[in-house]
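# Remarks on the overall topology
Here's the letter readout for the chains.
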Amino acid sequence: MSGTAGPLLEQIRRTAVGAATDMVAAARSEADAIRTNARDQAQRRRAHALAAHEREGATTLARTRAETVARVGQDSLAARAAALDRIFVAAEAQFASLARHPGLGTLLVATISDGLTYLPPGAATVRCAAVIAEPVRAALAMAKREGAQVSIDESVPLGVMIEAGDGSVFVDGTLARRLARERPRLSALLAGRLLERPA
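All values derive from a computational prediction rather than experimental measurement.

The helix and strand inventory of the protein chain stands at five helices and four strands. The helix and strand sequence of the protein chain, counted from the amino end, reads α-α-α-β-α-β-β-β-α. Within the protein chain, the fraction of its 199 residues that count as buried is 23%.

Structure below.
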């Protein structure tokens with residue numbers, strides 16, 4: 001029986017070894033598949049995390065750009081307003097010296113002649129500071145308006161205030177008013193300069 005058992009045992013051994021080898025190979029394949037799947041999942045997680053990070057970065061960058069643009073715009077507006085304020089303060093500081101300017105008489109003639117056209121016929125009062133009373137009287141005389149008179153009023157800035165006798169119409173002919181009308185134009189001009197050379 002031993003002679004018969006030998007080959008049988010060898011066959012069993014080979015079968016067992018073969019089965020064990022197949023099991024090991026299958027186990028290795030399964031382990032490889034698990035590792036591959038784990039690696040793929042890890043790569044997908046990294047890709048998702050990277051995409052999320054990039055999206056967050058893009059959102060942050062866009063927000064930062066928008067905030068920067070808004071801040072630059074606010075700074076430009078502030079710079080423009082500050083520059084205009086300086087211009088107007090400097091101009092108003094020159095008003096006193098303009099009271100003796102040789103061209104003031106011509107300006108007063110044009111201002112008074114134009115202002116009187118807005119008033120109804122009849123009496124009119126042209127108010128001004130005493131320092132320019134004489135050129136105002138001369139300008140009023142050239143306008144040849146009957147019933148118009150000059151009234152000294154030191155509260156009037158350089159220039160004149162023209163009022164109908166019945167108080168129905170009032171015309172501001174001061175240099176301060178003329179300067180104020182220039183503010184929108186100066187603001188637009190200054191905005192263009194700031195775009196060329198940001199403050």
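That shown, we press on.
Core analysis: the biggest nonpolar cluster contains 29 residues, and Ile112, Val136, Val160 and Ile162 have the highest contact counts within it. In contact with Ile162, not counting residues within four places along its chain, are Thr111, Ile112, Gly115, Leu116, Leu119, Thr125, Val126, Val169, Phe170 and Val171.

A few words now on the side chain of Asp153. Considering the arrangement of structural elements, one finds Asp153 in the loop between strand 2 (148-152) and strand 3 (159-164). There is a polar contact of 2.4 Å between the side chain of Asp153 and the side chain of Arg127. With residues near it in sequence (within four places) discarded, Asp153 still touches Arg127, Cys128 and Ala129.

Further remarks concern the pairing of strand 1 (residues 124-128). Of all the five residues making up strand 1, four are buried; the element is thus mostly covered by neighbouring parts of the structure. The pairing of strand 1 with strand 2 spans five bridges and is parallel. Looking at strand 2, one finds that Arg127 is bridged to Ser151. The β-α-β motif built from strand 1, the intervening helix 4 (residues 133-143) and the parallel element strand 2 has right-handed crossover chirality. Bridge analysis of strand 1 against strand 3 gives four bridges, and the strand direction is antiparallel. Within strand 3, the residue paired with Val126 across the bridge is Ile162.

What follows deals with the pattern of salt bridges. The final tally for this structure, using the stated rule, is three salt bridges. When the shortest N-O distance is used, the salt bridge between Arg137 and Glu134 registers 3.1 Å. Of this pair, Arg137 and Glu134 both sit in helix 4, three residues apart, which is roughly one turn of that helix. When its relative accessible area of 37% is taken as the criterion, Arg137 is described as partly exposed. Owing to a relative accessible area of 56%, Glu134 belongs among the exposed residues under this scheme. Across the pair Glu182 and Arg185 runs a salt bridge whose closest N-O atoms are separated by 2.7 Å. With Glu182 and Arg185 both in helix 5 (residues 175-196), this residue pair falls three residues apart, about one helical turn.

Take the pairing of strand 3 next. With respect to burial, strand 3 is a largely interior element, five of its six residues being buried. Relative to strand 4 (residues 170-174), strand 3 is paired through five bridges, and the arrangement is antiparallel. Considered in strand 4, the bridge of Gly159 is made with Thr174. The turn joining strand 3 and strand 4, which pair antiparallel and follow one another in sequence, is formed by five residues; a positive phi near 75 degrees is taken by Gly167.

Take the sheet that holds strand 2 next. In spatial order, the strands read 2-1-3-4; together these four strands make up an open sheet with mixed pairing. Whereas interior strands pair on both sides, the edge strands pair on one side only; in this sheet they are strand 2 and strand 4. With direction set aside, neighbouring strand axes in the sheet form an average angle of 20 degrees. Contacts from helix 4 reach strand 1, strand 2 and strand 3, with the element oriented near 170 degrees to strand 2.

Criteria and cut-off values
Residues numbered from 1 in each chain as written. Predicted model: local features only at pLDDT ≥ 70, side-chain atom pairs only at ≥ 80, totals over all residues. Heavy atoms only, no water. Helix = DSSP H or I, 4+ residues; strand = E, 2+ residues; numbered from the N terminus. Buried < 20%, exposed > 50% of the residue type's maximum accessible area, 1.4 Å probe, protein only. Core = buried A, V, L, I, M, F, W, Y, C linked by side-chain atoms within 4.5 Å. Contact = heavy atoms within 4.5 Å. Polar contact = N/O pair within 3.5 Å; in protein donor to acceptor, adjacent residues only side chain to side chain. Pairing = 2+ DSSP bridges. Right-handed = clockwise from strand over helix to strand, strands pointing away. Salt bridge = Lys/Arg side-chain N within 4 Å of Asp/Glu carboxyl O. Axes fitted to C-alpha atoms, helices over the stretch in contact; angles between N-to-C directions.

Honestly, that's just the spatial picture; any functional story needs more than this.
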